[in-house]
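# Fold and contact review
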Amino acid sequence: MLCGLALLLLLLSVYGIVLPEHNCSEYFTYGLEDGKTYIGLFTAPKAGLSSISWNVSFVWQGLAVSPIASLQHYPSTMEAVQNINGGRRAQLIARFTNISEELPRLVDLQVNGETLCSN
C-alpha cells in the first residue's frame, strides 16, 4: 500500500493535482485507475455486514457540475457480494471526471447510519 500511495503522490505532483486532506484514511483513500481516472475508494468498517448503506459527501471548487461520475460497488456488484460473503469488508468506488486542479474533498462518510468520519 505504501508503494501505491507513493506512486499516487508522485503522479499527482507531476500532473499538478491537489490531493485534499481528510481524516478518514482508515476507510477512504484517493487513487488513480487505469493511469487516467481519479478515484476514491471506501471500505466498510467491518466484515460480515448483511446489508450496507453508504452515505458520502464531497465538496469541490471551480466546477458548476459534480465531478463525481459514479458511485459503485467495488470491484463490481457481483464481486462485491462474493467478497462480503467470503468474510471481507464491502467497498465502494467513486470515479471523478473533469479534474484539472483539485480532487473533491471528502467531508462526510457514514455506513449504516454510523458516522465514520466528518471533515
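One structure accompanies this document, and this report is about it. What you see as residue numbers is a count from 1 along each chain, following the sequence as written. The model is predicted, so local features are restricted to residues of pLDDT at least 70 and side-chain atom pairs to those at 80 or more, both for listing and for counting; the totals for chains, interfaces and linings are taken over all residues. With hydrogens and water stripped out, all remaining heavy atoms of the structure feed into the side-chain values.

## Description of the state of the cysteines
Where we set the bar: We call a pair of cysteine sulfur atoms a disulfide when they lie within 2.5 Å. The helix and strand labels rest on DSSP assignments: H or I over at least four residues marks a helix, E over at least two residues marks a strand, and numbering proceeds from the N terminus. Remark: exposure states derive from per-residue accessible area (1.4 Å probe, protein chains only) relative to the maximum for the residue type, with buried under 20%, exposed over 50%, and partly exposed in between.
Within this structure, the stated rule accounts for one disulfide. Between the sulfur atoms of Cys 24 and its disulfide partner Cys 117 the distance amounts to 1.9 Å. Sign of the S-S torsion, about -65 degrees for the bond between Cys 24 and Cys 117, identifies this disulfide as left-handed. You can see Cys 24 sitting in the loop between helix H1 (2–15) and strand S1 (28–33) and its partner Cys 117 sitting in strand S7 (residues 114–118), a full 93 residues away along the chain. When its relative accessible area of 5% is taken as the criterion, Cys 117 is described as buried.

## Some remarks on the packing of aromatic side chains
Cut-off, in case you're wondering: When the centres of two rings from Phe, Tyr and Trp lie within 6.5 Å, Trp using its six-membered ring, the rings pair. Their planes under 30 degrees apart give stacked, over 60 give edge-to-face, and anything left gives tilted.
Applying the stated criterion across every chain yields a total of seven aromatic pairs. With a centroid separation of 6.4 Å and 45 degrees between ring planes, the pair formed by Tyr 30 and Phe 96 is classed as tilted. With Tyr 30 in strand S1 and Phe 96 in strand S5 (residues 91–96), this residue pair connects regions lying 66 residues apart in the sequence. With respect to class, Tyr 30 is no different from Phe 96; both count as buried. One aromatic cluster is present, formed by Phe 28, Tyr 30, Phe 42, Trp 54, Phe 58 and Phe 96 through successive ring pairs.

## Regarding the pairing of strand S3 (residues 54–59)
Note the following rule: The criterion for strand pairing is that DSSP finds at least two bridges linking the strands in question.
Burial along S3 is one-sided: the face carrying Trp 54, Val 56 and Phe 58 is buried and the face carrying Asn 55, Ser 57 and Val 59 is not. Of the strand pairs in this sheet, S3 and strand S6 (residues 105–111) are connected by six bridges, and their pairing is antiparallel. Across the sheet, residue Phe 58 finds its bridge partner in S6, namely Leu 106.

## Structural notes on the environment of Gln 72
To be explicit about the condition: Note on contacts: a residue pair is in contact if any heavy atoms of the two residues lie within 4.5 Å. Whenever a nitrogen or oxygen atom comes within 3.5 Å of another N or O atom, the pair is scored as a polar contact, on the condition that within protein one atom can donate a hydrogen and the other can accept it, and that pairs from neighbouring residues in sequence are kept only if both atoms are in side chains.
The residue Gln 72 is located in strand S4 (residues 68–73) in this model. Excluding its chain neighbours within four sequence positions, the residues that come into contact with Gln 72 are Gln 91, Leu 92, Ile 93 and Arg 95. Of note is the side chain of Gln 72, whose polar atom sits 2.6 Å from the side chain of Arg 95.

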